[in-house]
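Remarks on the overall topology
Residue strings, one per chain:
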Amino acid sequence: MAHCTCEETLETVLDSEEEFTFSSEEEQDEEWSHFEELIHTSLSCCFNNDIDQMPVAKKARTSKQPTLTWKAETEVDLVPQTLRFVPAREPGPQLWPTDSYTPLSLFKLFFTENAVSTLCYNTNAQAARSLARGRKYKWTDVSVSEMYRYFGLIFYMGMVKLISIKDYWRQGSLFSVPFPATIMSRDRYRTISWNMHMSHPAEDKENDKNKGTNEYDRLFRVKPLMDTIRLACKTIYHPRRNLAVDERMVACKANSGMTQYMKAKPTKWGFKLFVLADSSNGYTVDFSVYTGKNNTATGNGLPYDTVMSLLDRKVLGSGYHVYMDNFYTSPKLLTDMLEMKYGACGTYRDYRKNSPQNAPNSLTKNSPRGSIRWIRNGPLVFVKWMDTREVSVCSTIHPAYTGDTVQRRVKAQDTWSLKTFPCPAPVTAYNQYMGGVDLSDQLLQYYTAQHKTLKWYRKIFLHFLDIAATNSYTIHKELYGNMTHKEFMEQLIAELCGVSPKIPQKRASSDHVPVPGAPLSTDTRKVASSGRRICVHCKAAVAHKLHQCFVLCE
């Protein structure tokens, strides 16, 4: 029996290192540990002469994936089997059809009176704690009705933008805003803001003792309200078939250990939320807040775990089509989703594990615009399309090409013209349905409640208000469709504050100040009807329809 030396064994293992390709940063540790185990196993043969290493080395060299050849759009792809769409409930608002819903009643489905009562209880406890520690301000316990008025002022400030919070209570100025002072005083608003708390302070203290351990919960201060909002989002509305998964940024630079930097996002610094949205209207179906590295990960990577955590089959049902960008898409994720009866489509990164690498007949930088290449690997179809640059899409619900076309502006001989190019079916569907989260972000930003604050958890609390208001508007539009977003927010603010949205402006009689409307002169030649107009006040005082005077009323 042939025997090996340590040098030969180590050379064999190092030669096989090229078989290990890392699909993402999350998977590198797993792959590298597997590689170290292989080295350890191979080196152990130096002390065991009964083991022949030749079959192991041969097996390592023959474990390469077969080289796949890219096909052009002229070749026909198989049409994947259509998933049966079986939602757990009828898609749309899950409300009584006979009831009438106002903006406030819809908002209270998310911020229920029980949830607001808990919020008041924790806020009052935080205020008592602050006073016990020596804070010098007046405090009376906040009630549920007062808390709703407080929400109304926050939304009002989102619609009427001023530089400072104090400016909303500014008096005796041309730029004074009279409405906030009629709801509550400035000091009352500020003290509620300072003590706003979603969890109980005593429980916060117990959680803070676990810092640095696996028992510490970074989201403990927002979790009570966050769980309520998430449950309401999934209960009140059931999404339609096409869903989108993407990130959302809540602007914040607090040193909380959870803020992230994303170069490609308009909001680059802040808390990163993973959002599942309905592509048809931007409704936020579910979300989660990213807290950093997780010790309880499954080993499949953060993108895999994120998508799987947002897709609850008991709540949603089956047969949904989920669209995602290249941060999430991987062959393993799409294959496992298909086993759960979920179709998926998304752009992908070429270096992801089990993704086809460059092969004969692949696209190059010099490929003409509109060129298509595709590879079918079981239920997965990998498509590359040349637009202004190369686009890579993977799907389990579309064939490679069905004859779709797109129009692009092309410059030829110093003139621009529209030209038609072929477009793969997964790219067409991706462009149509991927924007669900972007639409949701757009609606959130129109009248956002976000403003500067010193507490990181208050930024997330304000985002919960935005989600509740935007989802309420989406449901109201589905039910009635008779209000614009601005009109809805105005009505919601008025109902939260307990006032009428239309306040008539009445001028007191003492405001009637006559001033000369024409130059006064003793020269009779200059006395004429020029400058004389019908005066409203004089018309009412003197029963003459054509009464004219030389004074104006201001």
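The numbering scheme is per chain: residues are counted from 1 as the chain's sequence reads. The predicted origin of the model limits local features to residues at a pLDDT of at least 70 and limits the giving and counting of side-chain atom pairs to 80 or more, whereas totals for whole chains, interfaces and linings rest on all residues. Only hydrogens and water are set aside; all other atoms, that is, all heavy atoms of the structure, feed into the side-chain values.

Section: the overall build of the chain
Heads up, the rule is: Helix numbers and strand numbers start at the N terminus; a helix is a DSSP run of H or I with at least 4 residues, a strand a run of E with at least 2. Residue burial is assigned from relative accessible area. The probe radius is 1.4 Å, only protein chains are included, and a residue is buried under 20% of its type maximum, exposed over 50%, and partly exposed in between. It only takes one pair of heavy atoms within 4.5 Å for two residues to be counted as in contact. The Shrake-Rupley method, run with a 1.4 Å probe sphere, supplies the accessible areas, and residue values consider only the shown protein chains as cover.
Within the chain one finds 18 helices and 20 strands. Out of the 554 residues belonging to the chain, those deemed buried represent 43%. Of all intrachain contacts in the chain linking residues separated by at least 6 positions in sequence, the fraction that spans at least 24 positions is 66%. Just so you have it, the chain exposes about 31300 Å², and 52% of that area is on carbon and sulfur atoms.

Considering unusual backbone geometry
Positioned with a positive phi, Asn354 is a non-glycine residue whose angle comes to about 70°. With phi around 55°, Gln413 is a residue other than glycine that occupies positive phi space. Here Gln413 lies in the loop between β15 (405-412) and β16 (415-422).

What to know about the packing of helix α10 (residues 223-236) against helix α16 (residues 456-479)
Quick note on the threshold: Working convention: axes come from line fits to C-alpha atoms, limited for helices to the stretch in contact. Angles between N-to-C directions cover 0 to 180 degrees. Any angle that falls under 35 degrees is termed roughly parallel, while one over 145 is termed roughly antiparallel, one within 65 to 115 roughly perpendicular, and all others oblique. Whether a crossing is left-handed or right-handed is set by the direction in which the near helix is turned from the far one by less than a right angle, anticlockwise for left-handed and clockwise for right-handed.
Two elements in contact, α10 and α16, have axes whose closest approach is 11 Å; the angle formed by their N-to-C orientations is 15°. The angle between α10 and α16 places the two elements in the roughly parallel class. Viewed along their axes, α10 and α16 form a crossing whose handedness is left-handed. Of α16, the residues touching α10 (which contributes Leu225, Met226, Ile229, Cys233 and Ile236) are Phe461, Phe464, Ile467, Asn471 and Ile475.

Quick notes on the packing of aromatic side chains
Stated precisely, the cut-off is as follows: Each pair of aromatic rings taken from Phe, Tyr and Trp, with Trp reduced to its six-membered ring, is defined by centres within 6.5 Å and is described as stacked if the planes are under 30 degrees apart, edge-to-face if over 60, and tilted in the remaining cases. In this scheme, Lys NZ or Arg CZ marks a charge over a ring once it lies within 6 Å of the ring centre and within 35 degrees of the ring normal.
Inspection of the entire model under this criterion finds 25 aromatic pairs. Ring geometry for Tyr150 against Phe151: centres 6.4 Å apart, planes inclined by 55°, an arrangement best described as tilted. Of the two residues examined, Tyr150 and Phe151, each falls in the buried class. Judged by centre distance (6.3 Å) and plane angle (80°), the rings of Phe274 and Tyr328 are edge-to-face. A residue pair is termed long-range when its members are at least 10 positions apart, and Phe274 in strand β7 (residues 269-278) and Tyr328 in the loop between β10 (321-324) and α13 (331-339) qualify at 54 residues. An aromatic cluster of three or more residues is present, and its members are Phe107, Phe111, Tyr148, Tyr150, Phe151, Phe155, Trp169, Tyr189 and Phe461. Stacked on the ring of Tyr148, the Lys or Arg Lys108 has its end atom at 4.8 Å from the ring centre.

Section: the environment of Leu273
Here Leu273 shows up in strand β7. Since its relative accessible area comes to 2%, Leu273 is described here as buried. Between the C-alpha atoms of Leu273 and Arg248, which are 25 residues apart in sequence, the distance is 5.0 Å. Residues within four places of Leu273 in sequence aside, it is in contact with Asp246, Glu247, Arg248, Val250, Phe287, Ser288, Val289 and His463.

A short note on the confidence of the model for the chain
Basically, it comes down to this: pLDDT is a per-residue confidence score from the predictor, ranging from 0 to 100.
Taken over all residues, the pLDDT of the chain has a mean of 83, while the share at 70 or more is 77%. Every residue in residues 1-64 is under pLDDT 50, and counting partners more than four places away or in other chains gives 51 contacts.

Some points on the side chain of Ser367
Worth spelling out the cut-off: Contacts described as polar in this section are N or O atom pairs within 3.5 Å, which, within protein, must combine one atom able to donate a hydrogen with one able to accept it, while residues neighboring in sequence count only if both atoms come from side chains.
As for its position among the elements, Ser367 is in the loop between β11 (343-347) and β12 (372-377). Only 2.9 Å separates the side chain of Ser367 from the backbone nitrogen of Thr364, close enough to count as a polar contact.

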